[in-house]
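# Descriptive analysis of the structure
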Amino acid sequence: MEDKYEKLEKVGEGTYGKVYKAKDKNTGELVALKKTRLEMDEEGIPPTALREISLLQMLSTSIYIVRLLCVQHIQHKGKPILYLVFEYLDTDLKKFIDSHRKGPNPSPLPPSQIQSFLYQLLKGVAHCHGHGVLHRDLKPQNLLVDKEKGILKIADLGLGRAFTVPLKSYTHEIVTLWYRAPEVLLGSAHYSTGVDMWSVGCIFAEMSRRQALFPGDSEFQQLLHIFRLLGTPTEEVWPGVSSLKDWHVYPRWEAQNLARSVPSLGPEGVDLLSKMLKYDPADRISAKLAMDHPYFDSLDRSQF
């Protein structure tokens, strides 16, 4: 790896390993190197890891998913290490929103920008779901932005995502709960594509507000934030909710007017957001259907 890439700096530490910004010595192209420690079994690389790598390679054929350029398996001091080489993008949606919120001249994201980013996010999510893959940890930090081209790409479809929601990253920073669907917070054993659509709704609202819609700092607080805005769920709106593993009796709040929380979104935007933030995961709009919502009528879809 040292012969092929020059490591420039460590840009992050994820749940599964360190991430470096590096330069391909031959082409000068910037890449993100993700170094993953593998739990080997007797036969070598575990089939689960191989399966996920081939999924990543297949998914990264969409321009709305960060491209996996190559995979290198090396032995380091007798320990197997897997390097995943991704295309490098220098900013993410969190930094992008922050620059509009606390930059030298704060300004809202233009409505056309929000519309374009949301459409691209839905395209990427629809691509994953179409291949039977849930992301499960969509958040602005995991959405990389190519500012020059105005492209948004989903990143961090990490190894192990097909099986568990990471609760803590191995660096012990608590994983943010702000985008986590209520069924996950309530300990549902089964969940589906709706978990990602809930996150998409939270991200949509955040682009409009320039701050998180539900900024809870514990699972309990997270649920209370949601219940205060959307009303405490009942069996009528969400059949089976009270039999979920972590359900307790909560204070009874009435649903608030969602439009007040996203004052700069027009009626069509609020309507789409409300369809993403339905309590019953079976009622939540799919990525594919969301792309046909009237909110996007003024968008030139041919560019995507």
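Residues numbered from 1 in each chain as written. Predicted model: local features only at pLDDT ≥ 70, side-chain atom pairs only at ≥ 80, totals over all residues. Heavy atoms only, no water.

The name given to the chain in an unreviewed UniProt entry is Cyclin-dependent kinase, with Helianthus tuberosus as the source organism. Recorded in UniProt for the chain, the comment headed Sequence similarities (unreviewed entry) runs: "Belongs to the protein kinase superfamily. CMGC Ser/Thr protein kinase family. CDC2/CDKX subfamily." (UniProt positions renumbered as here; feature names shortened; annotations may be inferred.)

To continue, consider the nonpolar core. General note: in soluble globular proteins, nonpolar side chains tend to be found buried as a group. Ranked by internal contacts, the top residues of the largest apolar core, which has 81 residues, are Leu93, Leu118, Leu122 and Met276. When we break this core down by domain, the ones giving at least three residues each are domain 1 (5-87) and domain 2 (91-296). Those residues in contact with Leu118 that sit more than four places away from it in its chain are Val200, Phe204, Met207, Leu272, Met276, Tyr295 and Phe296. (Core = buried A, V, L, I, M, F, W, Y, C linked by side-chain atoms within 4.5 Å. Buried < 20%, exposed > 50% of the residue type's maximum accessible area, 1.4 Å probe, protein only. Domains from an automatic or database assignment. Contact = heavy atoms within 4.5 Å.)

Among the secondary structure elements, Lys153 is positioned in strand β8 (residues 151-154). Here Glu87 takes part through its side chain, which lies 3.1 Å from a polar atom of the side chain of Lys153. With near-sequence residues (within four places) excluded, Lys153 lies in contact with Ile63, Tyr64, Ile65, Val66, Glu87, Leu89, Asn142, Leu143 and Leu144. (Helix = DSSP H or I, 4+ residues; strand = E, 2+ residues; numbered from the N terminus. Polar contact = N/O pair within 3.5 Å; in protein donor to acceptor, adjacent residues only side chain to side chain.)

Attention now moves to the state of the cysteines. A complete count under the given rule lists zero disulfides for this structure. Here Cys128 stays unpaired: no disulfide links it, and the sulfur of Cys202, its closest cysteine neighbor, is 18 Å away. Taking relative accessible area as the criterion, Cys128 reaches 2% and is therefore assigned buried. (Disulfide = S-S within 2.5 Å.)

This brings us to the pairing of strand β7 (residues 143-146). Alternating positions in β7 separate into two faces, Leu143 and Val145 on one and Leu144 and Asp146 on the other, with burial throughout. Bridging between strand β6 (residues 91-92) and β7 involves two bridges; their strand directions are antiparallel. If you follow Thr91 over to β7, its bridge partner there is Val145. Bridge count for β7 against β8 is four bridges, and the pairing is antiparallel. Opposite Leu143, over in β8, you have Ile154 as the bridge partner. Hairpin connection between β7 and β8: a loop of four residues separates the two successive antiparallel strands, and Gly150 in this loop has a positive phi of roughly 70°. (Pairing = 2+ DSSP bridges.)

Looking at the secondary structure, you find Tyr5 in strand β1 (residues 5-13). Spatially, the C-alpha atoms of Tyr5 and Arg252 are 57 Å apart, while their sequence positions differ by 247 residues. With sequence-adjacent residues up to four places away left out, Tyr5 is seen in contact with Ala22, Lys23, Asp24, Lys25, Val31, Leu33, Cys70 and Val85.

Once that is clear, we can look at helix α7 (residues 267-276). The complete set of buried residues in α7 reads Gly269, Val270, Leu272, Leu273 and Met276. Projected onto a plane normal to the axis of α7, the buried residues spread over an arc of 165° and lie on a single side. As for α7, its buried residues are in contact with α3 (111-130), α5 (194-209) and α8 (287-290). (Arc of directions from axis to C-beta.)

In this section: the sheet that holds strand β3 (residues 30-37). The five strands are arranged β1-β2-β3-β5-β4 in an open sheet whose pairing can be described as antiparallel. What marks the edges here is a single partner per strand, and that holds for β1 and β4 (68-76). Across the sheet, the axes of successive neighbouring strands diverge by a mean angle of 30°, strand direction being ignored. Sheet topology note: the β3/strand β5 (residues 79-87) ladder contains seven bridges and is antiparallel. Opposite Val31, over in β5, you have Glu87 as the bridge partner. Contacting β4 and β5, helix α1 (residues 47-59) runs over the sheet at an angle of about 155° to β4. (Axes fitted to C-alpha atoms, helices over the stretch in contact; angles between N-to-C directions.)

Let us now look at the pairing of β5. Looking along a regular strand, one sees the side chains alternate between the two faces of the sheet. Most of β5 is tucked away: eight of the nine residues are buried. Linking β4 back to β5 in an antiparallel pair, the connection comprises two residues, with Lys77 at a positive phi of about 50°.

Throughout the structure, instances matching the rule amount to twelve salt bridges. We note a salt bridge from Lys95 to Asp92, for which the minimum N-O separation is 3.9 Å. In this structure, Lys139 and Asp137 form a salt bridge, with 3.5 Å as the shortest nitrogen-oxygen distance. On the accessibility criterion, Asp137 (8% relative accessible area) is buried. Through salt bridges with shared partners, one network takes in Lys94, Asp98 and Arg101. (Salt bridge = Lys/Arg side-chain N within 4 Å of Asp/Glu carboxyl O.)

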